Amino acid sequence: MDINLSRMLERFNTLARFGATERGGLSRLALSDADKEARDQFVSWLIEAGLAVRVDDAGNIYGRREGTNSVAPAVLMGSHLDTVYKGGRFDGVIGVLGAFEVVETLNDYGVQTRAPLELVVFTNEEGARFQPALLGSGLITGYFTRDFVYSRRDQDGKTFGEELERIGYKGKEENRPGPLEAYLELHVEQGPVLEAEGLSVGVVEGIQGMVWLKVTIWGDADHAGPTPMEMRRDSMVAAARIISRVRELSYQLGKGTVTTVGHLCLEPNIVNVIPGKTVFTIDMRNPRDEIIEQGISAVKEIIARICENEKVSYMIDELWRVGATSFDLRVVQTVEDSVRERGYSYKRMISGAGHDAQYMARVTPVGMIFVPSIGGKSHTEEEAAPWDDIERGVNVLLTSALKLAGID
């Protein structure tokens with residue numbers, strides 16, 4: 001059995017209309033009107049395919065295809081439909097559509113699995129609108145409480161709970177997944193490794209740990225002309241020096257450490273006024289939790305020293321932290337066996353990006369399948385993946401799901 005790539009591509013192009021940007025990307029933030037449109041479209045396809053649809057209290061959408069043993073633990077497959085602002089069309093979507101194509105292919109061939117198959121669309125995977133990321137999977141796996149998730153606010157002050165209800169996707173806790181045999185997720189790599197090595201598939205063994213910090217620095221807002229340099233308390237100068245040192249720190253820690261300052265906000269942000277307040281974020285990642293801990297300690301020392309020298313005050317808030325995750329050996333081996341059976345080129349690898357699989361690994365065995373990202377680009381409008389490799393990835397997902405669910 002092979003999947004029907006032209007059918008999947010047609011559905012991909014349909015979903016790419018919701019939140020489309022002028023440069024061919026997507027701005028489909030979680031629980032926005034564009035997200036609702038994409039959700040509505042996908043639910044209509046699930047119903048057309050004869051799947052039983054339900055929505056849980058996080059707004060996660062499920063479509064169930066019964067097995068011959070309806071009480072057997074289900075094999076869950078999926079990803080997310082939300083994107084970052086001016087993001088790409090492939091991140092998350094190919095995992096959702098790939099899982100759906102697996103079910104449609106089984107319908108085409110009249111194949112009945114022993115265990116049920118379920119599809120899932122997770123809510124707010126990206127964390128672009130409501131922080132932190134992975135709220136949908138985090139809620140159903142017990143990492144976050146419902147009160148915490150519902151109280152998250154976007155930059156306009158709207159809460160997750162209010163927006164979930166507004167778009168009509170506030171479901172019930174009883175609709176969360178029951179017992180699971182495994183969770184499988186297909187995704188673009190979001191990095192350059194597979195393409196650089198000329199490989200079609202990544203067999204993912206786990207996800208590196210990560211932490212998000214928010215740093216707020218207070219100085220004095222003064223006139224840019226009359227205030228002597230030696231008398232200034234410039235919050236932006238302190239921030240700039242910290243940001244430079246945080247980049248250097250990634251090389252000092254080594255062992256795969258990456259650091260990013262992705263958000264920066266100045267007040268009053270006027271050309272002729274010394275910045276009185278600067279807020280920025282630090283994203284730090286490493287496959288080993290002990291290196292993350294060393295990095296956090298080093299960042300705190302850097303901030304304290306520089307702020308003392310610049311005579312400014314500061315506060316550090318930890319927005320989010322998730323430890324390094326190792327995937328289930330049996331499921332990883334199942335994915336690798338499926339790749340080998342189909343004769344595709346591959347390698348085992350660790351994911352540098354966070355995924356819903358990271359939280360799902362708390363409650364069920366997990367495996368992930370990567371396909372190459374062209375130029376390593378992701379979270380940009382230029383994001384793309386080769387369709388022949390996407391086809392291979394979905395075929396691996398199909399074979400892996402059948403191995404885990406069994407055929408009657």
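The structure reproduced in this document is the subject of the present report.

What counts, and where the lines are drawn
- Residues numbered from 1 in each chain as written.
- Predicted model: local features only at pLDDT ≥ 70, side-chain atom pairs only at ≥ 80, totals over all residues.
- Heavy atoms only, no water.
- Helix = DSSP H or I, 4+ residues; strand = E, 2+ residues; numbered from the N terminus.
- Rg over C-alpha atoms; globule rule 2.2 N^0.38 Å.
- Contact = heavy atoms within 4.5 Å.
- Lys, Arg positive; Asp, Glu negative; His and termini not counted.
- Charge placed at Lys NZ, Arg CZ, Asp CG, Glu CD.
- Axes fitted to C-alpha atoms, helices over the stretch in contact; angles between N-to-C directions.
- Parallel < 35°, antiparallel > 145°, perpendicular 65-115°, else oblique.
- Left-handed = near helix turned anticlockwise from the far one by under 90°.
- Nonpolar A, V, L, I, M, F, W, Y, C, P; charged D, E, K, R; others polar.
- Buried < 20%, exposed > 50% of the residue type's maximum accessible area, 1.4 Å probe, protein only.
- Arc of directions from axis to C-beta.
- Core = buried A, V, L, I, M, F, W, Y, C linked by side-chain atoms within 4.5 Å.
- 1 Å grid on protein atoms, 1.4 Å probe; cavity = no way out; pocket = protein on both sides within 12 Å on 5 of 7 lines; lining within 4 Å.
- Points joined across faces, edges and corners; volume = space filled by probe spheres on them.
- Salt bridge = Lys/Arg side-chain N within 4 Å of Asp/Glu carboxyl O.

### Quick look at the overall build of the chain
Next, step 1: Of regular secondary structure, the chain possesses 12 helices and 14 strands.
Next, step 2: Scaling as 2.2 N^0.38, a compact globule of 408 residues should have a C-alpha radius of gyration of about 22 Å, and the chain matches this with 23 Å.
Next, step 3: If one aligns the C-alpha atoms of the chain with their principal axes, the spans along those axes are about 80 × 45 × 40 Å.
Next, step 4: Across the chain, contacts joining residues at least 24 apart in sequence account for 80% of those joining residues at least 6 apart.
Next, step 5: Seen as two clouds, the 45 positive and the 60 negative side-chain charges of the chain have centres 2 Å apart.

### Points about the packing of helix 1 (residues 5-15) against helix 3 (residues 93-109)
Next, step 1: In the contact formed by helix 1 and helix 3, the axes pass within 10 Å of each other and the chain directions differ by 140°. On the basis of the axis angle, helix 1 is oblique to helix 3. For helix 1 against helix 3, the interelement crossing comes out right-handed. Of the residues in helix 3, those touching helix 1 at Arg-7, Met-8, Arg-11, Phe-12 and Leu-15 are Val-93, Ile-94, Leu-97, Gly-98, Phe-100, Glu-101, Glu-104, Thr-105 and Asp-108.
Next, step 2: By residue class, the composition of the contact of helix 1 with helix 3 is 7 nonpolar, 2 polar and 5 charged.

### A word on helix 1
Next, step 1: Every buried residue of helix 1 is listed here: Arg-7, Met-8, Arg-11, Phe-12, Thr-14 and Leu-15. Down the axis of helix 1, the smallest arc covering the buried residues is 160°, so these residues share one side. Exposed residues lying more than 90 degrees from the buried face of helix 1 are Ser-6 and Glu-10.
Next, step 2: On the buried face of helix 1, the contacting elements are helix 2 (33-48), helix 3 and helix 12 (387-405).

### So, unusual backbone geometry
Next, step 1: Each neighbour pair has its own omega, and for Gln-131 with Pro-132 the value is 5°, a cis peptide bond.
Next, step 2: By the element assignment, Pro-132 lies in the loop between strand 4 (117-122) and helix 4 (135-140).
Next, step 3: Cis geometry marks the peptide bond from Glu-267 to Pro-268; its omega dihedral reads 5°.
Next, step 4: As for its placement among the helices and strands, Pro-268 is situated in the loop between strand 9 (264-267) and strand 10 (277-286).
Next, step 5: One non-glycine residue, Lys-86, lies in positive phi territory at about 55°.
Next, step 6: Within the fold, Lys-86 resides in the loop between strand 3 (74-80) and helix 3.
Next, step 7: A relative accessible area of 41% places Lys-86 in the partly exposed class.
Next, step 8: One non-glycine residue, Gln-190, lies in the positive phi region at around 70°.
Next, step 9: Tracing the backbone through its elements, the reader meets Gln-190 in the loop between strand 5 (180-188) and helix 7 (193-196).
Next, step 10: By relative accessible area, which is 19% here, Gln-190 ends up buried.

### A few points about the nonpolar core
Looking at soluble globular proteins, one finds that nonpolar side chains tend to be buried together.
Next, step 1: Within the largest apolar cluster, 96 residues are counted, with the highest numbers of intra-cluster contacts made by Phe-42, Met-77, Ile-94, Leu-184 and Trp-320.
Next, step 2: Among residues more than four places away in sequence, those in contact with Met-77 are Ala-99, Val-102, Val-103, Glu-118, Leu-119, Val-120, Tyr-183, Leu-184, Leu-397 and Ala-401.
Next, step 3: Grouped together as the second largest cluster of nonpolar side chains are 23 residues, Val-211, Ala-238, Leu-249 and Ile-291 included.

### Overview of the layout of surface pockets
Empty space among the atoms becomes visible once a probe the size of a water molecule is rolled across them.
Next, step 1: Here the second largest pocket is characterised by a volume of approximately 170 Å³.
Next, step 2: Lining the second largest pocket are Met-229, Glu-230, Met-231, Arg-232, Arg-233, Asp-234, Val-237, Arg-241, Asn-309, Glu-310 and Lys-311.

### Observations regarding the pattern of salt bridges
Next, step 1: In total, this model carries 35 salt bridges according to the counting rule given.
Next, step 2: In this structure, Arg-23 and Glu-381 form a salt bridge, with 3.5 Å as the shortest nitrogen-oxygen distance. Taken together, the residues Arg-23 in the loop between helix 1 and helix 2 and Glu-381 in the loop between strand 14 (366-371) and helix 12 connect sequence positions 358 residues apart.
Next, step 3: Judged by relative accessible area, which is 58%, Arg-23 ranks as exposed.
Next, step 4: Between Glu-66 and Arg-64 there is a salt bridge, with its nearest N and O atoms 2.8 Å apart.
Next, step 5: Here Glu-66 falls in the partly exposed class, since its relative accessible area comes to 40%.
Next, step 6: A single network of salt bridges, built from pairs that share partners, joins Arg-7, Arg-11, Glu-101, Glu-104 and Asp-108.

This is a description of form; function is not addressed.
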